[in-house]
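For reference, the chains in residue letters:
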Amino acid sequence: EVQLVESGGGLVQAGGSLRLSCAVSGFPFDDYAIAWFRQAPGKEREGVSCISNIDGRTFYADSVKGRFTISHGNAKNTVYLQMNSLKPEDTATYFCAADSSGTQYDARWYEMRLWNYDYWGQGTQVTVSS
């Protein structure tokens, strides 16, 4: 059974940092992508960053490029999102999700299309105050 569990959210002042963690278990094959999405009240869920499990390729939304970094843990069953220079507009519930379509077969995997993501964590709240 595939499971994803997020942790690391909290309350931080603008300009501060947080590191989110996504623990992945139960995936039956190697070729998948892990993405971080976020959703603020009244807004659509949007892709933030993603990483390929087989080769480590990464992608960032323009809104977080240069401030956020996605990476694998040493065992590659944990994915981190290091968030620096946080802004109030980063306030949202952050979700970890897995795309099992296969990055070797989907040239547009990095676009973080919602319908490609099969498994989701429960979400962790990030609140950035001014």
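What counts, and at which threshold
- Residues numbered from 1 in each chain as written.
- Predicted model: local features only at pLDDT ≥ 70, side-chain atom pairs only at ≥ 80, totals over all residues.
- Heavy atoms only, no water.
- Helix = DSSP H or I, 4+ residues; strand = E, 2+ residues; numbered from the N terminus.
- Contact = heavy atoms within 4.5 Å.
- Core = buried A, V, L, I, M, F, W, Y, C linked by side-chain atoms within 4.5 Å.
- Buried < 20%, exposed > 50% of the residue type's maximum accessible area, 1.4 Å probe, protein only.
- Polar contact = N/O pair within 3.5 Å; in protein donor to acceptor, adjacent residues only side chain to side chain.
- Disulfide = S-S within 2.5 Å.
- Phe/Tyr/Trp six-rings, centres within 6.5 Å; stacked < 30°, edge-to-face > 60°.

Chemist: Before we move on, can you summarise the environment of Trp109 with the specific residues and values?
Modeler: Take Trp109: it is sitting in the loop between β9 (92-99) and β10 (117-120). Here the alpha-carbon distance between Trp109 and Ile51, two residues 58 residues apart in the chain, equals 9.6 Å. Beyond its immediate stretch of four places on either side in the chain, Trp109 contacts Ala33, Cys50, Ile51, Ser52, Arg57, Asp99, Thr103 and Tyr117.

Chemist: For the nonpolar core, give the residues involved together with the corresponding values.
Modeler: Counting 29 residues, the largest nonpolar core has Ile34, Trp36, Leu81, Met83 and Tyr94 as its most contacted members. Looking at this core, the elements with two or more residues in it are β3 (18-25), β4 (33-39), β5 (46-52), β7 (68-72), β8 (78-83), β9 and β11 (124-129). Those residues within four positions of Ile34 in sequence are excluded, and the remaining contacts are Leu4, Cys22, Val24, Ser49, Cys50, Ile51, Ile70, Val79, Cys96, Ala97 and Ala98. Core analysis: the next-biggest nonpolar cluster, separate from the first, contains eight residues, Ala35, Ala97, Trp109 and Met112 among them.

Chemist: So what's going on with the side chain of Thr103? Residues and values would help.
Modeler: Summarising the element assignment, Thr103 is placed in the loop between β9 and β10. On the basis of relative accessible area, Thr103 is assigned to the buried category, the value being 6%. A distance of 2.7 Å separates the side chain of Thr103 from the side chain of Asp31, its partner in a polar contact. Aside from chain neighbours lying at most four places away, what touches Thr103 is Asp31, Tyr32, Ala33, Ser52, Ile54, Arg57 and Trp109.

Chemist: Help me get a handle on the state of the cysteines, residues and values and all.
Modeler: The tally for this structure, following the rule as stated, stands at one disulfide. With no disulfide partner, Cys50 has as its closest neighbouring cysteine sulfur the one in Cys96, 12 Å distant.

Chemist: Which residues make up unusual backbone geometry, and what values do they have?
Modeler: One non-glycine residue, Ser85, adopts positive backbone phi at about 50°. Relative to the helices and strands, Ser85 resides in the loop between β8 and β9. The phi torsion at Met112 lies on the positive side, around 55°, for a residue other than glycine. If you trace the backbone, Met112 turns up in the loop between β9 and β10. By relative accessible area, Met112 is classed as buried at 8%.

Chemist: How would you explain the environment of Ala23 if you had to name every residue and give the values?
Modeler: Counting through the fold element by element, Ala23 comes out in strand β3. Look at Ala23 and you get partly exposed, because its relative accessible area is 38%. C-alpha of Ala23 to C-alpha of Ser130: the two residues are 107 residues apart in sequence and 30 Å apart in space. Not counting the four nearest positions on each side in its chain, Ala23 is found in contact with Gln3, Leu4, Val5 and Asn77.

Chemist: Tell me what's going on with the packing of aromatic side chains, and back it up with residues and numbers.
Modeler: Inspection of every chain in the model, using the stated rule, returns eight aromatic pairs. Between the aromatic rings of Phe27 and Tyr32, the centroid separation amounts to 4.0 Å while the plane-to-plane angle is 20°, which identifies the pairing as stacked. There is no split in this pair, since Phe27 and Tyr32 are both buried. A ring pair is formed by Phe95 and Trp120, whose centres lie 6.3 Å apart and whose planes are at 80°; its orientation type is edge-to-face. Placement of Phe95 in strand β9 and of Trp120 in strand β10 is noted, with a sequence separation of 25 residues between them.

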